[in-house]
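# Architecture at a glance
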Amino acid sequence: MDDLTKSAFLNRPDLHVETTGEFKGWRTWSRDNFETHNGPFYHRMEDDGRIRCAFRVESKHLNGTKNVHGGCFMSFADYCLFATAAPVLQGPGVTVSFACEFLDAGREGELVEGFGEVTRAGSSMIFLRGLLTSGERKLFTFSGTLKRVKWRSPPAASNDAG
């Protein structure tokens, strides 16, 4: 992996590096309130340049049958899309397409890991696919498309009563 790509992955202004516990040295983003509330989700770059994502299943991630809620898997997979794309995204983006298949259940206490790959990166769209696992068990497959976007300031509040 070249230095420019690696620096794009490491130098986000909202990047938080965990300093204690099981995920010491792993990264997460502080800007996304939804992921912060529903995670915590983490990622790191492996020596070979691949991005590994992970979270430890807690009771808040479970549905009524004590398995990981499907929405949790989908949220984590979307996180994995952005973590995997980070070295080539190099700025903000939005998910414009997402598809998934549920293969097996995740349970409280398990470590769920996600790996993905960029299948194509164009000037405005990035196409990816990935897999969530727990140990040797395949839990969930996913694919998605991210669109590069520019930061926009929110529209100014209007004082017109009209």
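Above this text is the structure in question.
Bear in mind the structure is a predicted one, so any value in this text is a computation, not a measurement. (Residues numbered from 1 in each chain as written. Predicted model: local features only at pLDDT ≥ 70, side-chain atom pairs only at ≥ 80, totals over all residues. Heavy atoms only, no water.)

## Notes on the overall build of the protein chain
What counts here: In this description a helix means any DSSP run of H or I spanning at least four residues, a strand means any run of E spanning at least two, and both kinds are numbered starting from the N terminus. The contact criterion used throughout is that any non-hydrogen atoms of two residues lie within 4.5 Å. To measure how exposed things are, a 1.4 Å probe is used in the Shrake-Rupley method; for residues, cover is taken only from the protein chains shown.
Helix and strand counts for the protein chain come out as three helices and eight strands. Starting at the N terminus and ending at the C terminus, the protein chain contains elements arranged as α-β-β-α-β-β-α-β-β-β-β. Nonlocal contacts in the protein chain, meaning residues at least 24 apart in sequence, comprise 57% of its contacts between residues at least 6 apart. With an accessible surface of roughly 9500 Å², the protein chain has 50% of that area assigned to carbon and sulfur atoms.

## Some words on the environment of Val-94
Rules: Only protein chains enter the accessibility calculation, which uses a 1.4 Å probe; a residue whose area is less than 20% of its type maximum is buried, one above 50% is exposed, and one in between is partly exposed.
Relative to the elements of secondary structure, Val-94 occurs in strand β5 (residues 93-102). You can call Val-94 partly exposed: its relative accessible area is 37%.

## Remarks on helix α3 (residues 70-89)
For the α-helix, the turn length of 3.6 residues means that residues three or four positions removed from each other point alike. Short version of the rule: Multiplying 1.5 Å by the helix residue count minus one yields the expected span of that helix.
Relative to the 28 Å expected for 20 residues at 1.5 Å per residue, α3 spans 27 Å between its end C-alpha atoms, a close match to the ideal helical length. Most of α3 is tucked away, with 16 of its 20 residues classed as buried. Trailing α3 by a residue or two, Gln-90 shows a phi angle of about 50°, which is positive.

## Description of the environment of Glu-101
Using the following cut-off: Two N or O atoms form a polar contact when they lie within 3.5 Å of each other; inside protein one atom must be a possible hydrogen donor and the other a possible acceptor, and for residues adjacent in sequence the pair counts only when both atoms belong to side chains.
Along the chain, Glu-101 turns up in strand β5. Considering only alpha carbons, one finds Glu-101 and Phe-142, 41 residues apart in sequence, at a separation of 6.5 Å. Discounting chain neighbours no more than four positions away, the residues touching Glu-101 are Leu-139, Phe-140 and Thr-141. In this structure the side chain of Glu-101 is engaged in a polar contact, spanning 2.5 Å, whose partner is the side chain of Thr-141.

## Quick look at unusual backbone geometry
Backbone geometry follows two general trends: most residues other than glycine have a negative phi, and most peptide bonds adopt the trans configuration. Note the cis peptide between Gly-39 and Pro-40, where omega equals 5°. Mapped onto the fold, Pro-40 is located in the loop between α2 (33-38) and β3 (42-45). Within the chain, Lys-66 stands out as a residue other than glycine whose phi angle is a positive 70°. Position of Lys-66 among the secondary structure elements: in the loop between β4 (51-56) and α3. Look at Lys-66 and you get exposed, because its relative accessible area is 60%. Of note, Gln-90 is a non-glycine position whose phi angle comes to about 50°, a positive value. Mapping Gln-90 onto the fold places it in the loop between α3 and β5.

Any link to function would need more than the numbers given here.
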